[in-house]
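Each chain, written out:
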Amino acid sequence: MIKKSFLFAVVLLLMSCTHLPIEQLPSENYSKRIKFLVMHYTAINYQRSVKALVEKGYVSSHYLLPENDDDTYQGELKIYQLVDENDRAWHAGNSYWQGRQDLNDQSIGIEIVNIPKCKRLDTATEVEKDQENGDSRHCFFPDYDPEQIQLLIELSKDILARNPDIGPTQVIGHADITPTRKNDPGPRFPWYQLYKAGIGAWYEKQDVDELWQQFSQHLPNIGLVQSALNSYGYHIIETGILDNQTLDTLSAFQMHFLPWQVNGKVDAKTSATIFALLKKYFPERFSRLMQRYQQELTPEPTPELAFKRGQVDQTFPAVKRNKRALVNDRTTFKSHQGRGEIIIENIDALSADIFVNGQRLNIAAELKANTAYQYSLARRTKNGLNTLRVDNVQPAGASINIVIPYPELNTKQTNKALSKGFAKVDQLINQDIDNGFPGAVLLVIKDGKVIKHSAYGSARKYASGGVLLETPEKMTRDTLFDLASNTKMYATNFALMMLVEQGKLDVTKPVAHYLPEYQGGGREVRTVKDLLTHHAGYAPQVRFFSEDNRLGKRFFSQDKARTQQLILTQVPFAVGKQTKRMYSDTDFMLLGTLIERITGMPLDVYTERFIYQELGLNNILFNPLKKGRMKSEFAATEIDGTTRGCRFSYPNVREYVLQGEVHDEKAFYSMEGVAGHAGLFANASDLSVLLQTLLNGGGYGDKYFFSQKVLDQFTKPEENAGSYGLGWRRANHGDFKSFFGPYASSLAYGHTGWTGTVTLIDPAHDLGIILLTNARHTPIEGDERNYKFLGKDFETGNYGSVMSLIYEAVLNKDF
């Protein structure tokens, strides 16, 4: 009885569903689901295609077209429908076209039997191996079967008739919608033949010819070409560089529209073809991009700071006057007692009164127009800030320009400083040397003078395997060191401060503002400041150089371009933004890439040309052995390469004593020796000029790099974390006393390097300290996991004690 009642209820329910009171009231607000028609080649024969597309698995398509020249197919050619057009076939995968993603939901896919012969280099064996799909530049593509293409044309026309939303630019290849993964239907696919039959898009030859002539004179920049490709439909981010996504996208475009020149290059013909297609199918976008093209031919001046010579380069009387009369025509400059000079560039004045520290300068009674006068300030200057005031420039309306260079280092040491003032420092370091510490160079600057510059021990003590050399290589004051993480400060941070000064960088902006591909996974909200303060959330490092890294084999890279791409788009965050400070090399590797993008040149080229060479420094550089330097000029680091005493192995691992090669594995293997976190080499003398530049507030001699205001922005204490600035570490009342000692002022800042280097700048005492050691050039003790370099057992290799004795000598005025 219960079963009969149940069946009766079910019947009533079914009957009620078919007799609902539904009345059709058609809306005009709708569209068709199908927007795209996607062409594929199978890359395998007919039988294998059926097995892959029909049997239970992961791929399918709506239609399959066999070819005549296929031993696995018999009989007349016919079209096979595998999936109903109203259903979703799995043919597009992760895809994008014209603003839409996951095209399986919106497209019809046609698989065409065609089998390219592709090869790919096996990196393990360096032997080319056959494969069914691959990089189009390593494939042989056969012609398509004419009868097969005729069937395809008929089928496509039929599909287009049923799906009016598929326009000419929505008939596309698999490579168009996934250019980084696929290259089908390949360069032999007859797109032009389909276009002549009314299927798909093509350009007008006259438009291409006209644009080709124009672009041959002035080629569009890469960013504009990227924007044009995106406007047509491709998923490409405008980065302004010829990166991997651009090479892949250009190759896909060329296979579709320029199949006789698939090279991934941005040339005039390719650019003209892209723009010709936009002109035909998207005229408004074409006009907008051409307007940009014309504007970029005559770019507006970038917000560069006016050229400035020295710390004061100013015209008096000032044109822009303050309402408070006694604040006009006054400024300050840094100097040291008994030093300094002033250059008076007279424009059209006859006389002027110039005062330094309240004392009137004795200058020419009558000035000549357009003449420069140079005077010593030795009798009027003092240590620290000095005042400059200009009055009574005559006649009225006349003006003069005054230049005061920044202080330069006096490198002449006194014997007293060497023999007495730093005796305890020498005693400590020499005692460590006697007990097995390898070597060091110490340089101290105070009030613009080098008051200590000494070398200790050996630049190299060991041969490979840890055998002591019969004759160790002596350390000298000119020995160059691998600065390790001090690279972050004296390359990356210096460059960043310059870019901020020039108005090219705002550290409060998102990283993606400068690196547009830095997207996804929370990257969009990370700012440049987050990287500088190690608050982005990255783990301390990614061991790209080894397949055995925390993130897996897909993060293995010994190629700079690939490493940068992984950091920009793939490396995950370990913690959330601003949740925890995690000191990370990844932060500064990314900042190095940012500098390269903004400046348009490699980090080493930019820093060496626009910082070090400007200062006349020839002993601070990246990749020194590639630039003609000898190994004997350098302090050695690890004895057994980067194996940690044969504890580690990975592809291309170094097993010899490192000397003149950057130790850091990520910099050496994964970034070609030039990275934002490591790779810089220098001797103490060249570094001292950079320290004096910082003590001067951003310049040296007549060279101006950045203002005191920008330097303050980078060195001031971070909110709620006084021991950190932007990149810099701060002494902050003893927070880093193990590195900087207990006496460093609250204004002191600096950094350390893993190889055994420390630098400190203390503006309160006008003091700079450089201690360079080769602490890692020592044997390693311990088991496979817990081990240590013996050099790190010494006081010299841990910095703090040496710093204490230096400060005691300076503060007690023992020199």
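In case you missed it, the structure is sitting above this.
Residues numbered from 1 in each chain as written. Predicted model: local features only at pLDDT ≥ 70, side-chain atom pairs only at ≥ 80, totals over all residues. Heavy atoms only, no water.

Enquirer: Sorry if this is basic, but what is going on with the overall build of the chain here?
Expert: A count of helices and strands for the chain gives 22 helices and 32 strands. Of all 815 residues assigned to the chain, the portion counted as buried reaches 53%. If you take every contact in the chain between residues at least 6 apart in sequence, the share linking residues at least 24 apart comes to 67%. By element, 50% of the accessible surface of the chain is carried by carbon and sulfur atoms, the whole surface being about 37,900 Å². A gap of 7 Å separates the mean positions of the 92 positive and 94 negative side-chain charges of the chain. (Helix = DSSP H or I, 4+ residues; strand = E, 2+ residues; numbered from the N terminus. Buried < 20%, exposed > 50% of the residue type's maximum accessible area, 1.4 Å probe, protein only. Contact = heavy atoms within 4.5 Å. Areas by Shrake-Rupley, 256 points an atom, 1.4 Å probe, with all protein chains shown as cover. Lys, Arg positive; Asp, Glu negative; His and termini not counted. Charge placed at Lys NZ, Arg CZ, Asp CG, Glu CD.)

Enquirer: In this structure, what is going on with unusual backbone geometry? I would like to understand it.
Expert: Among all residues save glycine, negative phi is the norm, and among peptide bonds the norm is trans. Note the cis peptide between aspartate 184 and proline 185, where omega equals 10°. Tracing the chain through its elements places proline 185 in the loop between α4 (174–177) and α5 (191–196). Here the residue pair phenylalanine 316 and proline 317 is connected by a cis peptide bond, since its omega of -10° sits within 30 degrees of zero. Although it is not a glycine, alanine 484 sits at a positive phi angle of roughly 55°. Owing to a relative accessible area of 9%, alanine 484 belongs among the buried residues under this scheme. Of note, aspartate 766 is a non-glycine position whose phi angle comes to about 50°, a positive value. Turning to its location among the elements, aspartate 766 is positioned in the loop between β29 (757–762) and β30 (767–773).

Enquirer: Looking at this model, I keep getting lost on helix α6 (residues 205–217). Mind explaining?
Expert: Each full turn of the α-helix corresponds to 3.6 residues, which orients residues three or four apart in the same direction. Here α6 spans 19 Å end to end across 13 residues, near enough to the 18 Å set by a 1.5 Å rise per residue. Of the residues making up α6, those classed as buried are Asp207, Val208, Leu211 and Phe215. Down the axis of α6, the sector holding all buried residues measures 90°, keeping them to one side. Across from the buried face of α6, at angles greater than 90 degrees, the exposed residues are Lys205, Gln206, Gln213 and Gln217. Looking at the buried side of α6, the elements it contacts are α9 (268–281) and α10 (283–297). (Expected span 1.5 Å × (residues − 1). Arc of directions from axis to C-beta.)

Enquirer: I would appreciate a short explanation of empty space enclosed by the protein in the present structure.
Expert: If you roll a probe as big as a water molecule over the atoms, it shows you where there is empty space left. Using the criterion set out here, one finds three cavities of 30 Å³ or more in the structure. Estimated volume of the largest cavity: approximately 50 Å³. When contributions to the lining of the largest cavity are tallied by element, the ones reaching two or more residues are α4 and α8 (244–257). Looking at which element gives the most residues to the lining of the largest cavity, the answer is α8, with three residues. Tallied by class, residues from the lining of the largest cavity come to five nonpolar, four polar and two charged. The calculated volume of the second largest cavity comes to roughly 40 Å³. What lines the second largest cavity is Trp97, Pro168, Thr169, Val171, Ile172, Asp176, Ala201, Tyr232, Tyr234, His256 and Phe257. Of all the elements in the fold, those that place two or more residues in the lining of the second largest cavity are β10 (171–173) and α8. (1 Å grid on protein atoms, 1.4 Å probe; cavity = no way out; pocket = protein on both sides within 12 Å on 5 of 7 lines; lining within 4 Å. Points joined across faces, edges and corners; volume = space filled by probe spheres on them. Nonpolar A, V, L, I, M, F, W, Y, C, P; charged D, E, K, R; others polar.)

Enquirer: Would you mind showing me how to read the side chain of asparagine 386 here?
Expert: Secondary-structure assignment places asparagine 386 in strand β17 (residues 384–394). Sequence-distant contacts of asparagine 386, that is, excluding residues within four places in its chain, are made with Thr331, Thr332, Phe333, Lys334, Ser335, Asn357, Arg380 and Thr381.

Enquirer: Sorry if this is basic, but what is going on with the pattern of salt bridges here?
Expert: When the charged atoms of two side chains with opposite charge come close together, those side chains can pair. One pass over the structure, following the stated rule, counts 34 salt bridges. A salt bridge links lysine 279 to aspartate 207; its shortest N-O distance comes to 3.3 Å. Note that lysine 279 is positioned in helix α9 and aspartate 207 in helix α6, a separation of 72 residues in sequence. Residue lysine 279 is classed as partly exposed on the basis of its relative accessible area, which comes to 33%. One salt bridge connects glutamate 633 with arginine 629, and the closest N-O pair in it is separated by 2.7 Å. Bridged by salt links that share partners, the residues Lys488, Asp585, Asp664 and Lys666 form one connected network. (Salt bridge = Lys/Arg side-chain N within 4 Å of Asp/Glu carboxyl O.)

Enquirer: Would you mind going over the packing of α6 against α9 with me for this structure?
Expert: Axes are the key here: two packed helices are described by the angle between their axes and the distance separating the axes. Where α6 contacts α9, the axes come no closer than 8 Å and their chain directions differ by 135°. It follows that α6 is oblique to α9 by the angle criterion. Crossing geometry of α6 relative to α9 is assigned as right-handed. In contact with Asp207, Val208, Glu210, Leu211, Trp212, Phe215 and Ser216 of α6, α9 contributes Ala268, Lys269, Ser271, Ala272, Thr273, Phe275, Ala276 and Lys279. When the residues that make up the contact of α6 with α9 are grouped by side-chain class, the tally is eight nonpolar, three polar and four charged. (Axes fitted to C-alpha atoms, helices over the stretch in contact; angles between N-to-C directions. Parallel < 35°, antiparallel > 145°, perpendicular 65-115°, else oblique. Left-handed = near helix turned anticlockwise from the far one by under 90°.)

Enquirer: Any chance you could explain the environment of aspartate 686 here in plain terms?
Expert: You can see aspartate 686 is positioned in helix α19 (residues 684–695). Here the alpha-carbon distance between aspartate 686 and asparagine 493, two residues 193 residues apart in the chain, equals 17 Å. Contacts of aspartate 686, omitting those with residues within four sequence positions, involve Leu617, Asn618, Asn619 and Ile620. Among the polar contacts made by the side chain of aspartate 686, one reaches the main-chain amide nitrogen of isoleucine 620 at a distance of 3.5 Å. (Polar contact = N/O pair within 3.5 Å; in protein donor to acceptor, adjacent residues only side chain to side chain.)

Enquirer: What exactly am I supposed to notice about the sheet that holds β30 here?
Expert: Strands pair in a sheet through their backbones, by hydrogen bonds, and they do so in one of two ways: parallel or antiparallel. Read from one edge to the other, the open sheet built from seven strands follows the order β21-β20-β19-β30-β29-β28-β27, with strand pairing classed as antiparallel. Here the strands that pair on one side only, and so sit at the sheet edges, are β21 (468–474) and β27 (729–730). Of the pairings in the sheet, the one linking β29 to β30 comprises six bridges and is antiparallel in character. Residue pairing for β30: isoleucine 761 is matched across the bridge by glycine 768. Strands β19 (439–446) and β20 (449–462) of the sheet are contacted by helix α12 (residues 423–434), whose axis makes an angle of about 5° with β20. (Pairing = 2+ DSSP bridges.)

Enquirer: Mind showing me how you'd approach the nonpolar core here?
Expert: For soluble globular proteins, nonpolar side chains are generally found buried alongside one another. Counting residues in hydrophobic clusters, the biggest one holds 86 residues, and the most contacted among them are Tyr490, Leu690, Leu694 and Phe714. If we skip the residues at most four places from it in the chain, leucine 690 touches Tyr490, Phe494, Ile611, Tyr612, Leu615, Leu617 and Ile620. Within the second largest apolar cluster, 73 residues are counted, among which are Ala92, Ile108, Ala268 and Ile274. (Core = buried A, V, L, I, M, F, W, Y, C linked by side-chain atoms within 4.5 Å.)

Enquirer: Explanation requested: the environment of alanine 748 in the structure shown.
Expert: As for its placement among the helices and strands, alanine 748 is situated in the loop between α21 (737–740) and β28 (749–753). Taking the relative accessible area as the measure of exposure, alanine 748 reaches 0% and is therefore buried. Separated by 15 residues in the primary sequence, alanine 748 and proline 763 have C-alpha atoms spaced 6.4 Å apart. With residues near it in sequence (within four places) discarded, alanine 748 still touches Arg729, Arg730, Ala731, Leu760, Ile761, Asp762, Pro763 and Tyr807.

Enquirer: Hey, could you run me through the side chain of serine 688 in this one?
Expert: Within the secondary structure, serine 688 is located in helix α19. Since its relative accessible area comes to 3%, serine 688 is described here as buried. Not counting chain neighbours up to four residues away, the residues in contact with serine 688 comprise Leu409, Leu443, Ile445 and Ile770.

Enquirer: Any chance you could explain helix α20 (residues 708–715) here in plain terms?
Expert: Among all positions of α20, only Val710, Leu711, Phe714 and Thr715 are buried. Relative to the axis of α20, the buried residues are bounded by an arc of 125° and lie together on one face. Elements that come into contact with the buried residues of α20 comprise α13 (487–501), α14 (528–532), α19, β27 and β28.

Enquirer: Help me understand the sheet that holds strand β22 (residues 481–482) in this model?
Expert: In spatial order, the strands read β22-β24-β23; together these three strands make up an open sheet with antiparallel pairing. Lying at the two open borders of the sheet, with one neighbouring strand each, are β22 and β23 (620–622). Across two bridges, β22 lies against strand β24 (residues 680–682) in antiparallel orientation. Pairing of aspartate 482 across the sheet is with phenylalanine 681, part of β24. Sheet strands touched by helix α17 (residues 603–612): β23 and β24. Its angle to β23, the strand with the most contacts, is close to 165°.

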